Amino acid sequence: MKFFIDTANLAQIKEAHEMGILDGVTTNPSLMAKEGITGHENIINHYKAICEITDGDVSAEVIATTFDEMIVEGEALASLHERIVVKVPMIKDGIKAIRYFSQKGIKTNCTLVFSAGQALLAAKVGATYVSPFIGRLDDVSTDGLRLIEDINLIYDNYGFQTQILAASVRHPMHIINCAKIGADVITGPLSAMAALMKHPLTDNGLAQFLADHAKAAVV
């Protein structure tokens, strides 16, 4: 399973990379704004900075919502760095754009996916990744993890190569459950990934080992 970090914060991206768990990065306009990154040139330079940190794919989202504008914006983003994946919304023109990019050898991430049917369409047109938002589904009393299972079954049935990128991951159990049901990738905050390390018995055991070592050193 690949771990992508969902942020535009360079310090957090570097920390995940230094831990050795970072396989890629996903970003969006909201995450850029959260870090105070505004203005076209600043956003472009920030994407480049992210690509210099990670060895994996970096999803950069198009703002356009029409086919022609998506193509212009997506090709410009893809030209920034070989690691850039063009992130395209699940709309009619988005599906057309993904097909175009796929034929041109440009990687894509179909975002804002909330149903198996949407994921099927994304795979049909050759999306590199499909991003079902499991946390947002949970917010409206729908089982986000069940959607991952359904997509995984459909893709296995027909040998689709599109990778399931579980998005809107919010806590460590989301990660564990996604791993159980076969998501190819998860993307979420660094805090959710770091929480996988935590267990009270680990903390208690380490404290006991250190205390016993201290006693033995005195003797």
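Structural notes, computed from the coordinates. (Residues numbered from 1 in each chain as written. Predicted model: local features only at pLDDT ≥ 70, side-chain atom pairs only at ≥ 80, totals over all residues. Heavy atoms only, no water.)

Our focus in this paragraph is the packing of helix H8 (residues 144-158) against helix H9 (residues 172-181). The interhelical angle for the contact between H8 and H9, taken along N-to-C directions, is 25°, at an axis separation of 10 Å. With respect to their mutual orientation, H8 and H9 come out roughly parallel. For the pair H8 and H9, the crossing hand works out as right-handed. Together, Leu-145, Ile-148, Glu-149 and Asn-152 of H8 and His-174, Asn-177, Cys-178 and Ile-181 of H9 make up the contact between the two elements. In terms of residue class, the contact of H8 with H9 is built from four nonpolar, three polar and one charged. (Axes fitted to C-alpha atoms, helices over the stretch in contact; angles between N-to-C directions. Helix = DSSP H or I, 4+ residues; strand = E, 2+ residues; numbered from the N terminus. Parallel < 35°, antiparallel > 145°, perpendicular 65-115°, else oblique. Left-handed = near helix turned anticlockwise from the far one by under 90°. Contact = heavy atoms within 4.5 Å. Nonpolar A, V, L, I, M, F, W, Y, C, P; charged D, E, K, R; others polar.)

With that settled, the discussion passes to the pairing of strand S8 (residues 185-188). The two faces of S8 match: Val-185 and Thr-187 on one face and Ile-186 and Gly-188 on the other face are all buried. In terms of strand pairing, strand S1 (residues 2-6) meets S8 through four bridges, oriented parallel. Paired with Phe-3 across the strands is Ile-186, a residue of S8. After leaving strand S7 (residues 163-166), the chain enters H9 and then returns to the sheet as S8, a path that is right-handed. (Buried < 20%, exposed > 50% of the residue type's maximum accessible area, 1.4 Å probe, protein only. Pairing = 2+ DSSP bridges. Right-handed = clockwise from strand over helix to strand, strands pointing away.)

This brings us to the layout of surface pockets. A volume near 370 Å³ is recorded for the largest pocket. Lining the largest pocket are 25 residues, and of these Asp-6, Thr-7, Asn-28, Leu-31 and Ser-168 lie nearest its centre. Breaking the lining of the largest pocket down by element, the ones donating at least two residues are helix H2 (29-34), strand S5 (108-113) and S8. For the lining of the largest pocket, the leading source of residues is H2, giving three residues. Along the lines of polarity and charge, the residues of the lining of the largest pocket split into seven nonpolar, twelve polar and six charged. (1 Å grid on protein atoms, 1.4 Å probe; cavity = no way out; pocket = protein on both sides within 12 Å on 5 of 7 lines; lining within 4 Å. Points joined across faces, edges and corners; volume = space filled by probe spheres on them.)

Next up on the list: the nonpolar core. Ranked by size, the top nonpolar core spans 58 residues in total, and within it Ile-5, Ala-166 and Ile-186 carry the most contacts. Discounting chain neighbours no more than four positions away, the residues touching Ile-5 are Gln-12, Ile-13, Ala-16, Leu-22, Gly-24, Val-25, Thr-26, Thr-187, Gly-188, Leu-190 and Met-193. Of all hydrophobic cores here, the second largest spans seven residues; its members include Val-85, Tyr-129, Phe-133 and Leu-165. (Core = buried A, V, L, I, M, F, W, Y, C linked by side-chain atoms within 4.5 Å.)

The next subject is the packing of aromatic side chains. How two aromatic rings sit relative to each other is given by the distance of their centres and the angle of their planes. All chains considered together, the criterion is met by six aromatic pairs. When the ring of Tyr-155 is compared with that of Phe-160, the centres are 5.7 Å apart and the planes differ by 70°; the resulting orientation is edge-to-face. Exposure remark for Tyr-155: the relative accessible area of 3% places this residue in the buried category. Residue Phe-160 is classed as partly exposed on the basis of its relative accessible area, which comes to 21%. On the basis of an interplanar angle of 50° and a centroid distance of 6.3 Å, the ring pair of Tyr-158 and Phe-160 is categorised as tilted. The exposure class of Tyr-158 is exposed, given its relative accessible area of 62%. Connected via pairs of aromatic rings, a cluster forms that spans Phe-67, Tyr-100 and Phe-101. The side chain of Lys-96 reaches across the aromatic face of Phe-67, ending 5.3 Å from its centre. (Phe/Tyr/Trp six-rings, centres within 6.5 Å; stacked < 30°, edge-to-face > 60°. Lys NZ or Arg CZ within 6 Å of the ring centre and 35° of its normal.)

We now examine the sheet that holds S8. Around the barrel, which closes on itself, the eight strands sit in the order S1-S2-S3-S4-S5-S6-S7-S8 with parallel pairing between neighbours. Going from strand to strand, the sheet's axes swing by 30° on average, the running direction of each strand aside. Sheet strands touched by helix H5 (residues 92-103): strand S4 (84-89) and S5. Its angle to S4, the strand with the most contacts, is close to 155°. Packing against the sheet, H8 makes contact with S5, strand S6 (129-132) and S7, and its axis sits at approximately 175° to S7.

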